[in-house]
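The residues making up each chain are set out below.
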Amino acid sequence: MTKELKIIEALGRHEDDASIDVLEDLGTNSSREDVREETAKALIRKNNEKALRIVIANKGKGVNDLSTKVAITTVNSLLALDDKEELLKIIDDTINDNSEEEVKNTARSIRALINLSN
Amino acid sequence: MYLKIEKGGFMKIPSISNLNLFRTKQVNTINQSQNNPFAQSFNGGLRSDVFQSSNMNSTANPFVETTANIMKSITSTMQKVKDYSKNVFAPVISFAGNVKRIATMDIGELGHAIKNEISMIGVDSEVKGYMRRPVNELRDLLALELNG
């Protein structure tokens, strides 16, 4: 694991919520696929509203990433969460309120996968 | 001098002077052995050159070899004691510090701390190091790494 990926993991485990902003600014906007992938995992590990909203409700980030690899890794990490309460709430909000139809459809797909995996 | 033995007959035994000669001859024979420090002690103490560095490495000298083995064994034991202290006592001291910290926590804090510790099992030590640093420092570090 490279130094930048270790820093991203540390930010994902950091107690300070300001780490979410750093992950969003530097991680999800990186041109490197491995950095975006690790960032999505780090945000999901936080399992709070702010972090999960970034990977679900934003076009081009997390599950909506243009890279299939990043998107699938993000979906798998979401499905692996033990506590999905916050996740389901954000998915429902996205399906109901998001302005992007593509983002809504992805959220619906994830909702279906969660229902199937339960 | 003769000694009478059973069933008749006599056996010749060496005279005192012969015994002395025999003993002197034995000592001389031992002294001729260059590699035997015990033999050299017959001539008034150990030879100083036995303890010279070149001889300390000599595998032909049993005395030096034994001393070297004892020294090796002592060094090895000392190292084991050092390692044991490092591996056993240090965590115990750290644990004692944690106990003091835990004693001042309420139940909620304790639960959170335990959950935290469990989630940290298997985490890379370098990652743990970064986690102890403030977020703004990590931002600068990450930016530096990503942008070269």
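Shown above is the structure to which this text applies.
Right, let's walk through the structure included here. (Residues numbered from 1 in each chain as written. Chains lettered and ligands numbered in written order. Predicted model: local features only at pLDDT ≥ 70, side-chain atom pairs only at ≥ 80, totals over all residues. Heavy atoms only, no water.)

## Here we look at the overall build of chain A
For step 1, the next point in the chain: Within chain A one finds seven helices and zero strands.
For step 2, the next point in the chain: Put simply, chain A runs from its N terminus to its C terminus through helices and strands in the order α-α-α-α-α-α-α.
For step 3, the next point in the chain: Pairs at least 24 residues apart make up 59% of the contacts formed inside chain A by residues separated by at least 6 positions.
For step 4, the next point in the chain: Here chain A has roughly 5,600 Å² of accessible surface; of this, 45% comes from carbon and sulfur atoms. (Helix = DSSP H or I, 4+ residues; strand = E, 2+ residues; numbered from the N terminus. Contact = heavy atoms within 4.5 Å. Areas by Shrake-Rupley, 256 points an atom, 1.4 Å probe, with all protein chains shown as cover.)

## Digging into the environment of Lys61 of chain A
All names here are of chain A.
For step 1, the next point in the chain: By the secondary structure assignment, Lys61 is in the loop between α4 (49-57) and α5 (68-79).
For step 2, the next point in the chain: Among the residues examined, Lys61 registers a relative accessible area of 14% and is labelled buried.
For step 3, the next point in the chain: Each C-alpha atom of the pair Lys61 and Gly27 lies 10.0 Å from the other, and the pair is 34 residues apart in sequence. (Buried < 20%, exposed > 50% of the residue type's maximum accessible area, 1.4 Å probe, protein only.)

## Remarks on the pattern of salt bridges
For step 1, the next point in the chain: Evaluation of the coordinates by the stated rule reveals 19 salt bridges over all chains.
For step 2, the next point in the chain: Lys3 of chain A is the salt-bridge partner of Glu145 of chain B, the closest N and O atoms lying 3.6 Å from each other. One end of the pair, Glu145 of chain B, is in helix α7 (residues 135-147); the other, Lys3 of chain A, is in helix α1 (residues 3-13), on a second chain.
For step 3, the next point in the chain: With a relative accessible area of 34%, Lys3 of chain A lands in the partly exposed category. (Salt bridge = Lys/Arg side-chain N within 4 Å of Asp/Glu carboxyl O.)

## Examining the interface of chain B and chain A
For step 1, the next point in the chain: The interface is formed by 19 residues belonging to chain B together with 20 residues belonging to chain A.
For step 2, the next point in the chain: For the pair chain B and chain A, the two sides together bury roughly 1,800 Å², of which 69% comes from carbon and sulfur.
For step 3, the next point in the chain: In terms of surface lost to chain A, no three residues of chain B exceed Val135, Arg139 and Leu142 of chain B, which account for 32% of the buried area on that side.
For step 4, the next point in the chain: Where chain B touches chain A, the interface holds four residue pairs in polar contact (both at pLDDT 80 or more).
For step 5, the next point in the chain: For the side of chain B that touches chain A, the elements supplying multiple residues, two or more each, are α5 (107-119), α6 (125-131) and α7 of chain B.
For step 6, the next point in the chain: It is α7 of chain B that provides the largest number of residues to the side of chain B that touches chain A, a total of eight residues. (Buried area = accessible area lost by both parts, 1.4 Å probe. Polar contact = N/O pair within 3.5 Å; in protein donor to acceptor, adjacent residues only side chain to side chain.)

## Thoughts on α1 of chain A
For step 1, the next point in the chain: Most of α1 of chain A is tucked away, with nine of its eleven residues classed as buried.
For step 2, the next point in the chain: For α1 of chain A, every residue scored as buried is listed here: Glu4, Leu5, Lys6, Ile7, Ile8, Glu9, Ala10, Leu11 and Gly12 of chain A.
For step 3, the next point in the chain: At its buried positions, α1 of chain A is contacted by α2 (18-27) and α3 (33-46) of chain A together with α6 and α7 of chain B.

## Re helix α6 (residues 85-97) of chain A
Residues and elements named next belong to chain A.
For step 1, the next point in the chain: Over its 13 residues, α6 runs 18 Å from end to end, which matches the ideal 18 Å to within 8%, given 1.5 Å per residue.
For step 2, the next point in the chain: Regarding α6, the residues found buried are Leu87, Ile90, Ile91, Thr94 and Ile95. The buried residues of α6 occupy an angular sector of 135 degrees when projected down its axis, which confines them to one face. Exposed side of α6, more than 90 degrees from the buried face: Glu85, Asn96 and Asp97 are the residues found there. (Expected span 1.5 Å × (residues − 1). Arc of directions from axis to C-beta.)

## Re the packing of α6 of chain A against helix α7 (residues 101-117) of chain A
What describes two packed helices is the angle between their axes and the distance between those same axes.
All names here are of chain A.
For step 1, the next point in the chain: In the contact formed by α6 and α7, the axes pass within 8 Å of each other and the chain directions differ by 145 degrees. Where α6 crosses over α7, the handedness of that crossing is left-handed. Side by side, α6 and α7 meet where Leu87, Leu88, Ile91, Asp92, Thr94, Ile95 and Asn96 of the first sit next to Val103, Lys104, Ala107, Arg108, Ile110, Arg111 and Ile114 of the second. (Axes fitted to C-alpha atoms, helices over the stretch in contact; angles between N-to-C directions. Left-handed = near helix turned anticlockwise from the far one by under 90°.)

## Considering the packing of α1 of chain A against α3 of chain A
Residues and elements named next belong to chain A.
For step 1, the next point in the chain: Contact geometry for α1 and α3: axes closest at 8 Å, N-to-C directions at 15 degrees. Considering the angle they form, α1 stands roughly parallel to α3. Judged by the twist between their axes, the crossing of α1 over α3 is right-handed. Contacts between α1 and α3 involve Glu4, Leu5, Ile8, Glu9, Leu11, Gly12 and Arg13 from the former and Asp34, Val35, Glu38, Thr39, Ala42, Arg45 and Lys46 from the latter.
For step 2, the next point in the chain: Looking at the contact of α1 with α3 residue by residue, the classes come out as five nonpolar, two polar and seven charged. (Parallel < 35°, antiparallel > 145°, perpendicular 65-115°, else oblique. Nonpolar A, V, L, I, M, F, W, Y, C, P; charged D, E, K, R; others polar.)

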